[in-house]
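Now for the letters of each chain:
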Amino acid sequence: MSVTRTAPTLVAVAHGSPDPRARESVLALLRRVRAMRRSLRVELGHLETDEPLLGDTLARLRGEAVLVPLLFGRGYHVKHDIPSVLSRASHLDATVAACLGPHPLLVEALYGRLLEAGYRGGAVVLASAGSRDPESAAGTRTTAAMLSHRLGGAPVVPAYASAASPTVAEAVELLRSHGHRGIALSSCFTAPGFFATRCAEAAPGIVAEPLGAHASLARLLLHRFDRAAAALPVRALHHAAA
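Everything quoted here is computed from the prediction, not taken from an experiment.

Participant: How should the packing of helix 1 (residues 20-36) against helix 8 (residues 215-230) be read in this particular structure?
Facilitator: Working note: a packed helix pair is described by the angle between its axes plus the distance between those axes. Two elements in contact, helix 1 and helix 8, have axes separated by 9 Å at closest approach and are oriented at 65°. Classified by the angle between their axes, helix 1 and helix 8 sit roughly perpendicular to one another. As for how helix 1 packs across helix 8, the hand of that crossing is right-handed. On helix 8, the residues that touch Leu29, Leu30, Arg32, Val33 and Met36 of helix 1 are Ala215, Leu217, Ala218, Arg219, Leu221 and Leu222. When the residues that make up the contact of helix 1 with helix 8 are grouped by side-chain class, the tally is 9 nonpolar, no polar and 2 charged.

Participant: What exactly am I supposed to notice about the sheet that holds strand 8 (residues 184-187) here?
Facilitator: Reading across from one edge, 7-6-8 is the order of the 3 strands in this open sheet, with parallel pairing throughout. The open sheet terminates on both sides in strands that have one partner only, identified here as strand 7 (156-160) and strand 8. For this sheet the average axis-to-axis angle between neighbouring strands, irrespective of direction, equals 30°. Pairing geometry for strand 6 (residues 124-128) and strand 7, over 5 bridges, is parallel. When the bridges of strand 7 are listed, Val125 appears paired with Val157.

Participant: Looking at this structure, I do not really get helix 5 (residues 134-150). What am I missing?
Facilitator: Along an α-helix, a turn takes 3.6 residues, which lines up residues three or four apart on a common side. Across its 17 residues, helix 5 extends 24 Å between first and last C-alpha, which sits within 8% of the 24 Å expected from 1.5 Å per residue. For helix 5, the complete set of buried residues consists of Ser136, Ala137, Gly139, Thr140, Thr143, Ala144, Leu147 and Ser148. Buried residues belonging to helix 5 abut helix 4 (104-116), strand 6, strand 7 and strand 8. Near the N-terminus of helix 5, the side chain that reaches the backbone nitrogen of Glu135, with its oxygen 2.8 Å away, is that of Asp133. Once helix 5 ends, the next one or two residues include Gly152, with phi positive near 75°.

Participant: How do you make sense of the packing of aromatic side chains when you look at a structure like this?
Facilitator: Aromatic rings considered in pairs are described by the distance between their centres and by the relative angle of their planes. Inspection of the entire model under this criterion finds 1 aromatic pair. Ring geometry for Phe194 versus Phe195: centroids 5.9 Å apart, planes at 50°, classification tilted. The exposure class of Phe194 is exposed, given its relative accessible area of 56%. Across the ring face of Tyr111, the terminal group of Arg150 is positioned such that the distance to the ring centre comes to 3.8 Å.

Participant: When you look at the pattern of salt bridges in this model, what are you seeing that I'm missing?
Facilitator: Pairs may arise between side chains of opposite charge once their charged atoms sit close together. Counting across every chain of the model gives 10 salt bridges. In this structure, Glu135 engages Arg74 in a salt bridge whose closest nitrogen and oxygen atoms are separated by 2.9 Å. With Glu135 in helix 5 and Arg74 in the loop between strand 4 (64-69) and helix 3 (76-87), this pair connects stretches of sequence that are 61 residues apart. The partly exposed category is assigned to Arg74, whose relative accessible area is 36%. The salt bridge involving Lys79 is made with Asp133; its shortest N-O contact spans 2.9 Å. Residue Lys79 is found in helix 3, and its partner Asp133 is found in the loop between strand 6 and helix 5; the two are separated by 54 residues along the sequence. Residue Lys79 is classed as partly exposed on the basis of its relative accessible area, which comes to 28%. Several salt bridges share partner residues, and in doing so they unite Arg74, Lys79, Asp133 and Glu135 into one network.

Participant: How should the sheet that holds strand 2 (residues 9-14) be read in this particular structure?
Facilitator: Within a sheet, adjacent strands bond to each other through the backbone by hydrogen bonds, running parallel or antiparallel. Strand order in the open sheet made by the 4 strands is 3-2-4-5, with parallel pairing throughout. Of all strands in the sheet, those with a lone pairing partner are strand 3 (42-46) and strand 5 (93-96), marking the two edges. On average, each strand axis in the sheet is tilted by 25° relative to the strand beside it, whichever way the strands run. When strand 2 meets strand 4, the two strands line up parallel, connected through 5 bridges.

Participant: Sorry, what's going on with the pairing of strand 3 here?
Facilitator: Looking along a regular strand, one sees side chains alternate from face to face of the sheet. Most of strand 3 is tucked away, with 5 of its 5 residues classed as buried. The side-chain alternation of strand 3 yields two buried faces, one formed by Val42, Leu44 and His46 and the other by Glu43 and Gly45. Following the chain from strand 2 across helix 1 to the adjacent parallel strand 3, one finds a crossover that is right-handed.

Participant: Sorry, what's going on with the pairing of strand 6 here?
Facilitator: Summarising burial for strand 6: 5 of the 5 residues are buried, a large majority. With helix 5 bridging strand 6 and the parallel strand 7, this β-α-β connection has right-handed handedness. Pairing of strand 6 with strand 8 involves 4 bridges; the strand directions are parallel. For Val125, the partnering residue across the bridge sits in strand 8 and is Leu185.

Rules used throughout
Residues numbered from 1 in each chain as written. Predicted model: local features only at pLDDT ≥ 70, side-chain atom pairs only at ≥ 80, totals over all residues. Heavy atoms only, no water. Axes fitted to C-alpha atoms, helices over the stretch in contact; angles between N-to-C directions. Helix = DSSP H or I, 4+ residues; strand = E, 2+ residues; numbered from the N terminus. Parallel < 35°, antiparallel > 145°, perpendicular 65-115°, else oblique. Left-handed = near helix turned anticlockwise from the far one by under 90°. Contact = heavy atoms within 4.5 Å. Nonpolar A, V, L, I, M, F, W, Y, C, P; charged D, E, K, R; others polar. Pairing = 2+ DSSP bridges. Expected span 1.5 Å × (residues − 1). Buried < 20%, exposed > 50% of the residue type's maximum accessible area, 1.4 Å probe, protein only. Polar contact = N/O pair within 3.5 Å; in protein donor to acceptor, adjacent residues only side chain to side chain. Phe/Tyr/Trp six-rings, centres within 6.5 Å; stacked < 30°, edge-to-face > 60°. Lys NZ or Arg CZ within 6 Å of the ring centre and 35° of its normal. Salt bridge = Lys/Arg side-chain N within 4 Å of Asp/Glu carboxyl O. Right-handed = clockwise from strand over helix to strand, strands pointing away.

Just distances and angles here, no functional claims.
Put into structure tokens, the structure is as follows:
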């Protein structure tokens, strides 16, 4: 007997934003993911604001699925919102992959965007959305430490758009109080939107773009998908051996 298994559907879970640039950025990222693995079915679902909503995406799927959060920390959305929506899709064999951070591929994407923005050295503020969950904040601190290492030891201070401190302005002042000038902003956001804009407006110098369709971020999505898919119980189709 031979055993074959159809790959699960990759469902990218975006937060959603009233900024139309956010959806376009996420769609560009998923086009890159599809180009990297043409045999894989890739769908999109939003937690709020944008269509399709995650629940609607899951309702029209059958078989197996892996939900990959386009989020960088294990905060409320990852721990509660996504599992809650998934619990209402009992017709699926599905699981939720790890969020995107921290990971070396995330650091490569952040590093690449900084270089594209003209960064040539100096202190960096790592801006992210923020969360009250301490595990999410710990992950951001780890990403900041990894980015500092990738930048050859340059100081990298995490900052947040909401729900946590310091803000970007506070992080900039902290670095200035230690004698740093020419401070750059690294944008740990999937796409443009309210939080990314708020952080950029508080930055005094170079501002890196959100990660968008960066190749390293696309590879990270596939990596998270593969790890989660491998853990799904095998419900394979059996065929007689030729």
